[in-house]
Structures are given as C-alpha cells and as structure tokens.
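Listed below, chain by chain, are the residues.
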Amino acid sequence: MHLILCICIYTYFCMCVCFFFFFTEKMNTNLFLSFFVADVISTVEFNQTGDLLATGDKGGRVVIFHRETESKSESEELGESGEYNVYSTFQSHEPDFDYLKSLEIEEKINKIRWLPQQNAAHFLLSTNDKTIKLWKVSERDKRPEGYNLKDEEGRIKDISTVTSLQVPVLKPTDLMVEVRPRRIFANGHTYHVNSISVNSDGETYLSADDLRINMWHLDITDRSFNIVDIKPANMEDLTEVITAAEFHPQHCHLFVYSSSKGTLRLCDMRESALCDKHSKIFEEPEDPGNRSFFSEIISSVSDVKFSHSGRYLLTRDYLTVKVWDLNMEKGPVETYQVHEYLRGKLCSLYENDCIFDKFECVWNSTDSVIMTGAYNSFFRMFDRETGRGVTLEAWRESSKPRAVLRTRRVYTGGRRRRGDVGVDSLDFSKKILHMAWHPAENIIAIAATNNLYIFQDRVNAENQ
Amino acid sequence: MEYKVEAHRIMSISLGKIYNSRVQRGGIKLHKNLLVSLVLRSARQVYLSDYYSGACLNAAQSQREGNEWEEKFPPSTTECDRVQSPEEPQQDALPEKEREYRENDDAVKSDQVDCTSTLQQEQNQNSSLDSVTYVSSETRPETIIVPKESPSDSTEEAERDSTPEANGESHQPPEKHVCSNRKRSADETESGDSSKKRVKVGSSNAKEDEEAEEMDTSNVSNLITIFGSGFSGLLSKDGAKAESEAEDSGQICCDQMLKNLNPWSTAIVAF
C-alpha cells in the first residue's frame, strides 16, 4: 500500500494532526493520526454513527470531536477520510463534597455513553463517582434577524425611527454548538460509579458502583430501580465487588456484570425484580500453577464489552483479554496474552500501584479484531481469525511521515531484533487505559495519558 | 526463608497502601482496598505457615490455616482462635494483628465462655508445634510483645503508624477481654515446649497484666486515631457512619492489624 502523508499543525492546545496509515487485517499498519493534549483523559467514546467522539478528563471536562465530512470527490482523489476536530468543550462535573461523610467527590469523568440519536440534537450521559448527567448537544446555525424593536446588536431602537413593520426571518449564521444539562441523576450511589450503559430500548440505562447496580429511566431523575445488590449484611464478609456492567446490545432484558474475582454474571431482568441471582455465571477455574500473592488482583476483570453481534463477551483482566461465548459458561473460548512478561514483575507492579490499573478493551465493527492497552504507550490488537496479536505504539516521536507504523515488540528472550524493547525499560507511567473503536470503520481513538491519538485506516484508492 | 521476608515486605507495603488510601482524594476506593486486603491476607498466611513448615505455601499447612481461618469466622470463636493462632511466630507482631483482626472483624462480639471453649478445641486440634507457639503467646500479652522486640521491622511498621494517644473506648472491652482470654488459655495449655520461647516468655513475665491491658487499650486508641473517626464509628455501630465504615470494610482487617502493630511496638519501645 502506498502511503499518503499530509501534515497540518494546529496550535490550539497543542493539537497536531498528522496523517498516516493504519492497520488492516493483513497487519500492515497505516495510521491517520491526530493529537489532542488536555488534562489526563479518563474516558473515550464514539457515538453510534462514529461522527462524534467524546472524551472525558480528570478535571471534569468533556471534549467532543466532530468528524469533518469533506466533499466526496476530493476525498476519493486524495484517499483521505474526514478528520476529527474539536466540536465542543464543556465542564461536565465539578469537584463536590459529601458533607455527611466528609468525603471529597472527584470530578473525574469515569464514563461517557452516547444515546442513540432521535432528532437533530445529540445526547450523552457522563458520570463521575457519584452523579450521572444527561447532556444535550445541539447546533445552532441560524438566527432570527429583522426585529422591529431591537437592532442587530440588540439595542432597543428609537420608536420614532420605526416606520414600517417587518417580519423577522431566520438567517444562516456561524455554527454554534450549545451543550446544556438536561437531567441530573444524583444520590443514586453510595459507592463509586464505575460503569454506565444505555439500554437498547432507548429509555433506560444502568449505572453500576462497587456493590450495586441501578436502573434509571432517562426522563426520571428522582427515582432509580436497584437491580443488583451484592453488599453483604456484614461488610466484613465482603469478598468481591462489581467492576463493570453493560446491557446486551439487542436484548433489553439482559445485562452482564463483572466482578473483582474474575467472574461474569449474566442477568435476565424478566426473571425477578432483583437480579442478585444470575442467569449465567461465567468463570474460569484458576490455574493452580500460577498461584501467587497477587493472583486475586490479576484475575479481577477491569472491563467487559458485548460484541456487536451480542453473542460474545470480551473481558480484560490484568494480563489477558478473553473472549467468552454466551452459550458456554465454563470458560472463555479465546484467551490472548497481553503482556505475559509482566507476570514475573507483579511484586514491583504492586508496589508502584500499576497492578491496579484498569485497562479497557474494545471490539472492532465486525467483531473480528479486539484491542486493548498496555504500558509504554503500547496497545495490542488481536485478530480473532488468525489468533495473532500485534503491538503498536501511540507515541508522537515514533510516528514519522510516510512511515508505515511498524509493529513493536517487547523482548522476552530468544533472538533480539532491532527496535525491541526490554521489559525493564518499559515506561509504566505511559499507560493506555482508555480507547474506542469506530462503530463502522477502522478508526480508533487511543487515550495516552493526556494525549488523544486518532488512527485511521486509509486505503489508497489508486492502488485498489 | 526468603519467602518469609518477601511476605513480610508485601504485608508492610499493603498496610502502607491502606493507610495512604485514607488521605487520598475522592474517598476510599473499596475495590482497591479489598484487593490490598486480600494480598495482605495471602502474605500473612504464607508468612505464618512458612515459620513452621519452613516452606512457602506448604499445601497442608495452608489448607489447615485456611480451615482454621474459616472456622474462626463464626463470631463466637474468632477472637480466641486468633489468640491461639498456632502459627504465631515468636518474633512477629502478626499474631497480635490477627487477633485484633478477628475480634474486630466480628465487631468485637466476644464471648468469654465461647472463647475458652474454642481455645480448648483449638488446642486439641493443634499439633505440638502449634502448642509451642501457643505457649509463647501464653499468659499475658506482654509475653508476646517481648518476642516481637527482636525484629526491627515490626518497630518500623509501628513507627509508621505512631500517633498521639486517643481514647477508644469501644476497643477497650474487647482488648481486655482478649487479654483475659489469653491468660486463661495460656494457663490451660502447658503442652509442648520451646526452650527459646520459654526463656523469652519468662523474661517478659515481669510485666503486669493491667499494664498490658492498659497498653493495649491505649495503643488501640492510638490506632483508632490513625484511622480517624471512621473506625470508632464502625465499632460503635454508628449508623451515620456505617456506610463510610462499610466502605472501609476492605480496610478493617488491616486497620486491625495496624492497631495491633502500634500498641505492641509502642510497648516494646516503652519497655
């Protein structure tokens, strides 16, 4: 594949846009790269069409990117797709304080989820540790002009100068994006909210904290329905917490939640009002040979995602990603090692708290490729058909124009190739925890601390 | 041996993490604290089992420990079980921690009679090796304290948690209670012997029971202040604080352990 490179540099918040090529099924990596520098990014999410990309950061801000749709003929000639530009920025959550418990509530955005679009406006849910908010994102590109009593700047006209009556008309104006909070779902959670998931019915959504899952109606803010409660009567008996939850993409009565013990529970809301009793439980027996002090920590599931088809589940624990078939509970159907070379370093990773990092995992649009993050700005992609994995890097300095993004390798023994990175030289402060994959195309958004990278697959039309 | 050092190191790190989590912004993270407490538990098991078997993760040992651990969870038995923890190494503050761990786990619902009976059961079950350690933890808390003087790391841990004294009344009853139980059980179990332990025990016999108990309670109070009002709130079953304490549940065991650490190390330093 030939590569077409185009670099445009914007200096707004150090944003740089570089076009590269990115990764396809053949494991050739071509990337189309955009940067954005902000506060530490804590969540990334595409909307259902992929035209909008929302990021939340530790400072409680949400930045929405919009994909520019260039004219078709131009795109085809150059082989470029639209690039993502900043669409809107707003402060979603502010630092808060719980006076009753004397606890500070962080404003960090834990999750953003878009609602399916129903009219011209876009809606998204954003949550911090305690409060979920529904935001309406709307465009305004027309304004009424020709008032009788006010002039164009809004100043009241002198009545004596008004000689005739005119009807105000809507005139096109510069695009303005307005974001307004429409609902605030507060006081629903005692513990820290870790997930939200919009139901396929379009009316309800769930929010999960460490011990409980609540179901809300999007229009009702003063009530929520508790559907899972794993809090023991005696807190000393606590053995596991909920780490992630998601609704099934098609069946509005099914949802799954993962636990810190590495189990997944599929619940059917038709069975009972309180879904403490699961319909299915997915767990893999522990390998006794790998037992260590940290076995429990590394088996904790940090993220769970349904496949687009709804047939499979993708889970991420500290060292692996696993694909589970909803029809088989006794174990995953596929297991991929993300960074097995870290197994011998668990103790030092425990000391520097890296072992508690919560990596996310994502499916591609066809459920054939899965992706997750790692350390040293590396992220991994696994092709489910071949079972092969590749390591890529989200790092500005290593992305040169006209370059195929080469795959990286961590040296763990055997023949050392040029460019291999030793395990001890991995930078554990550069971790890729949050990422998103476009729902239809091969476009991925990777959050590397406070940089956002957008990689696009670009196929040169000439060479097809 | 290196396993023991490793286990001890991991325990220190875990306790440090739990301590630090209290001052972190955003409140206590239940998930992380739960995981840390699990690591702490595993490390402790290894540490204690290693002492006797000389091998890390000896299957039988761990299993027995695990069984004992499970047995102890019924409220009436826990405290006393910990007191007589057969794995109590002569030079470690851990058994004390565990004792506290247990008793506080059950919200300090101790029953002296039950304790005694459990003690006896426990003793019957114990091997001679167990009795040895048990003897070392005989009569008085001080006796246990003294052996702990030897390792410097226990004092390190204590220093880390040193705080001004505060009054923690809710802890006093269980403390005293446990102390008295220990005494009773110690008297009752004269089986097995370890000359080394006997010597150490003897040297510490000079301390008064009341002193020990006072130390316990005051040191417990210190630990309470370390962990703030939340802990005492839990013990006093204060509803208003119940939730925040519940969040600390993952911490509770570690709180207990730290509680024990500080009193004993303070005692060691004092005497």
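In this text, all values refer to a predicted model and were calculated from it rather than measured experimentally.

## Topic: the interface of chain A and chain B
Consideration 1: Taken together, the contacts link 34 residues of chain A with 32 residues of chain B.
Consideration 2: Its largest share of buried area at the contact with chain B, chain A owes to E236(A), F293(A) and Y350(A), together 24% of the area lost on that side.
Consideration 3: In this structure, the connection of chain A to chain B is made through 5 salt bridges.
Consideration 4: We note a salt bridge from R9(B) to E351(A), for which the minimum N-O separation is 2.7 Å.

## What to know about empty space enclosed by the protein
Residues and elements named next belong to chain A.
Consideration 1: If you walk through the whole model with that rule in mind, you get 6 cavities of 30 Å³ or more.
Consideration 2: Approximately 60 Å³ is the volume found for the second largest cavity.
Consideration 3: K111, R113, S195, I196, S197, A244, A245, E246, D303, V304 and K305 are the residues that line the second largest cavity.
Consideration 4: Elements with a minimum of two residues in the lining of the second largest cavity: β10 (111-114), β14 (195-198), β18 (242-247) and β22 (303-306).

## Focus: the pairing of strand β19 (residues 254-259) of chain A
Residue and element names in this part refer to chain A.
Consideration 1: Of all 6 residues that make up β19, 6 are buried, and the element is covered over most of its length.
Consideration 2: Alternating positions in β19 separate into two faces, L254, V256 and S258 on one and F255, Y257 and S259 on the other, with burial throughout.
Consideration 3: In terms of strand pairing, β18 meets β19 through 5 bridges, oriented antiparallel. Bridge pairing links A244 to S258 in β19.
Consideration 4: Between the antiparallel neighbours β18 and β19 lie 6 residues.
Consideration 5: Pairing of β19 with strand β20 (residues 264-268) involves 5 bridges; the strand directions are antiparallel. Opposite L254, over in β20, you have D268 as the bridge partner.
Consideration 6: Taking the residues that link successive antiparallel strands as the turn, the β19-β20 hairpin has 4 residues, and the phi of G262 there is positive, at about 90°.

## Some words on the pairing of strand β6 (residues 61-67) of chain A
Residues and elements named next belong to chain A.
Consideration 1: Most of β6 is tucked away: 5 of the 7 residues are buried.
Consideration 2: Taken together, strand β5 (residues 52-57) and the strand that follows it, β6, pair antiparallel across an intervening segment of 3 residues, in which G60 is found at a positive phi of about 85°.
Consideration 3: Pairing geometry for β6 and strand β7 (residues 84-91), over 7 bridges, is antiparallel. In the strand pairing of β7, V62 is matched with F90.

Reading guide: rules and limits
- Residues numbered from 1 in each chain as written.
- Chains lettered and ligands numbered in written order.
- Predicted model: local features only at pLDDT ≥ 70, side-chain atom pairs only at ≥ 80, totals over all residues.
- Heavy atoms only, no water.
- Contact = heavy atoms within 4.5 Å.
- Buried area = accessible area lost by both parts, 1.4 Å probe.
- Salt bridge = Lys/Arg side-chain N within 4 Å of Asp/Glu carboxyl O.
- 1 Å grid on protein atoms, 1.4 Å probe; cavity = no way out; pocket = protein on both sides within 12 Å on 5 of 7 lines; lining within 4 Å.
- Points joined across faces, edges and corners; volume = space filled by probe spheres on them.
- Helix = DSSP H or I, 4+ residues; strand = E, 2+ residues; numbered from the N terminus.
- Buried < 20%, exposed > 50% of the residue type's maximum accessible area, 1.4 Å probe, protein only.
- Pairing = 2+ DSSP bridges.

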